[in-house]
Amino acid sequence: MPSPPASPSPAESAPVPPEPSFVVKSFASALFSGYSPIASGTVGSAVGLALYFIPGFEHPYVIMPASVIVLLAGIKAAEAMEVFYGHDPAEVTIDEVLGMWMSLFLLPKTLLVAGAAFILFRFFDVIKPFPAKRLDRLKGGAAIMFDDVVAALYSNIILHALLAIPFTRDFLLKFTL
């Protein structure tokens with residue numbers, strides 16, 4: 001007598017989450033920078049920096065509404081991507097875009113300030129100082145977005161402090177755009 005067919009294991013019978021739409025993927029990955037084979041976070045940060053260089057984008061009445069929209073839509077998009085790709089996927093780089101914008105908020109628009117913000121933000125995004133590391137351990141779109149906001153706040157505060165020192169202010173304010 002033949003044996004009955006083996007029942008699928010729980011892992012095999014678990015439903016596959018739906019793949020995010022093209023629009024969600026393109027937004028959550030910051031124009032597909034998240035699919036870069038190396039350093040997707042750095043590439044996503046570069047996308048954020050490129051968008052920041054659009055003339056007039058640094059004005060608070062432009063960058064703040066853009067940041068709020070990216071934060072709220074980013075939470076939803078990052079959550080959809082996390083369901084499909086797993087915890088805090090490298091494909092999600094919209095958080096790096098927001099992080100760059102927040103790193104540069106209310107700072108003079110110069111090449112050296114932008115470069116310093118880029119380096120500081122990437123540093124803090126990698127080392128994840130308190131409370132970013134705690135947020136990074138959590139699941140969900142809000143955690144994905146807010147750990148980068150924390151890294152951006154550290155970067156922004158340090159740059160504001162450097163600009164308060166006459167010698168570093170004079171240096172950082174060279175090459176105004």
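Since this is a predicted model, take the numbers as computed values, not measurements.

Definitions and cut-offs
- Residues numbered from 1 in each chain as written.
- Predicted model: local features only at pLDDT ≥ 70, side-chain atom pairs only at ≥ 80, totals over all residues.
- Heavy atoms only, no water.
- Helix = DSSP H or I, 4+ residues; strand = E, 2+ residues; numbered from the N terminus.
- Buried < 20%, exposed > 50% of the residue type's maximum accessible area, 1.4 Å probe, protein only.
- Contact = heavy atoms within 4.5 Å.
- Areas by Shrake-Rupley, 256 points an atom, 1.4 Å probe, with all protein chains shown as cover.
- pLDDT = per-residue confidence, 0-100.
- Axes fitted to C-alpha atoms, helices over the stretch in contact; angles between N-to-C directions.
- Parallel < 35°, antiparallel > 145°, perpendicular 65-115°, else oblique.
- Left-handed = near helix turned anticlockwise from the far one by under 90°.
- Nonpolar A, V, L, I, M, F, W, Y, C, P; charged D, E, K, R; others polar.
- Phe/Tyr/Trp six-rings, centres within 6.5 Å; stacked < 30°, edge-to-face > 60°.
- Lys NZ or Arg CZ within 6 Å of the ring centre and 35° of its normal.
- Salt bridge = Lys/Arg side-chain N within 4 Å of Asp/Glu carboxyl O.
- Expected span 1.5 Å × (residues − 1).
- Core = buried A, V, L, I, M, F, W, Y, C linked by side-chain atoms within 4.5 Å.
- Polar contact = N/O pair within 3.5 Å; in protein donor to acceptor, adjacent residues only side chain to side chain.

1. Re the overall build of the protein
And step 1. If you tally the helices and strands in the protein, you get nine helices and zero strands.
And step 2. With 177 residues in all, the protein has 43% of them scored as buried.
And step 3. Restricting to contacts in the protein with at least 6 residues of sequence separation, those with at least 24 account for 75%.
And step 4. Counting every atom, the protein has about 9,700 Å² of accessible surface; 74% of that belongs to carbon and sulfur.

2. A few points about the confidence of the model for the protein
Low-pLDDT stretches of the model should not have their predicted coordinates read in fine detail.
And step 1. Scored by pLDDT, the protein comes out at a mean of 89, with 89% of its residues at no less than 70.
And step 2. Mean pLDDT values for the elements of the protein range from 57 in helix α1 (residues 10–13) up to 97 in helix α5 (residues 94–103).

3. Observations concerning the packing of helix α6 (residues 111–127) against helix α8 (residues 141–163)
And step 1. Packing of α6 against α8 brings their axes to within 8 Å, and their N-to-C directions diverge by 135°. Of the possible angle classes, the one that applies to α6 and α8 is oblique. Between α6 and α8 lies a crossing whose hand is right-handed. On the side of α6, the interface is formed by Val113, Ala116, Ala117, Leu120, Phe121, Phe124 and Asp125, while α8 contributes Asp147, Asp148, Ala151, Ala152, Tyr154, Ser155, Ile158 and Leu159.
And step 2. Grouping the constituent residues of the contact of α6 with α8 by class yields eleven nonpolar, one polar and three charged.

4. Considering the packing of aromatic side chains
And step 1. Under the counting rule described, the total for this entry stands at eight aromatic pairs.
And step 2. Taken together, the ring pairs connect Phe22, Phe32, Tyr35, Phe84 and Tyr85 into an aromatic cluster.
And step 3. In this structure, Lys109 is placed above the aromatic ring of Tyr52, and the distance from its NZ or CZ to the ring centre is 5.0 Å.

5. Overview of the pattern of salt bridges
And step 1. Under the counting rule described, the total for this entry stands at six salt bridges.
And step 2. The residue Glu19 makes a salt bridge to Lys25 at a minimum N-O spacing of 2.2 Å.
And step 3. What makes Lys25 buried here is its relative accessible area of 15%.
And step 4. Through salt bridges with shared partners, one network takes in Glu96, Arg122, Asp125, Lys128 and Asp147.

6. With respect to helix α3 (residues 40–52)
Residues that lie three or four places apart on an α-helix share one face, since the helix turns once every 3.6 residues.
And step 1. Its 13 residues place the ends of α3 18 Å apart at the C-alpha level, agreeing with the 18 Å of an ideal helix rising 1.5 Å per residue.
And step 2. Taken residue by residue, α3 has Ser40, Gly41, Gly44, Ser45, Val47, Gly48, Leu49 and Tyr52 as its buried positions.
And step 3. Along its buried surface, α3 packs onto α4 (60–85), α5 and α6.

7. A short note on the nonpolar core
And step 1. Grouped together as the largest cluster of nonpolar side chains are 40 residues, with contacts concentrated most on Leu49, Tyr52, Leu98, Met100, Trp101, Leu104 and Met145.
And step 2. Listed by contribution, the elements that provide at least two residues to this core are α3, α4, α5, α6 and α8.
And step 3. Contacts of Met145, omitting those with residues within four sequence positions, involve Val70, Leu71, Gly74, Ile75, Ile94, Asp95 and Leu98.

8. Here we look at unusual backbone geometry
And step 1. Despite not being glycine, Ala39 has its phi angle at roughly 50°, a positive value.
And step 2. Take Ala39: it is sitting in the loop between α2 (22–28) and α3.
And step 3. Of note, Leu106 is a non-glycine position whose phi angle comes to about 60°, a positive value.
And step 4. By relative accessible area, Leu106 is classed as exposed at 51%.

9. Here we look at the side chain of Asp125
And step 1. Along the polypeptide, Asp125 turns up in helix α6.
And step 2. Side chain to side chain, Asp125 and Arg122 meet in a polar contact 2.7 Å long.
And step 3. With residues near it in sequence (within four places) discarded, Asp125 still touches Glu96, Asp147, Asp148 and Ala151.

10. Focus: the side chain of Ser103
And step 1. Structurally, the position occupied by Ser103 is in helix α5.
And step 2. If we ignore the near neighbours within four places in the chain, the residues touching Ser103 are Ala117, Phe121, Ala152, Ser155, Asn156 and Leu159.

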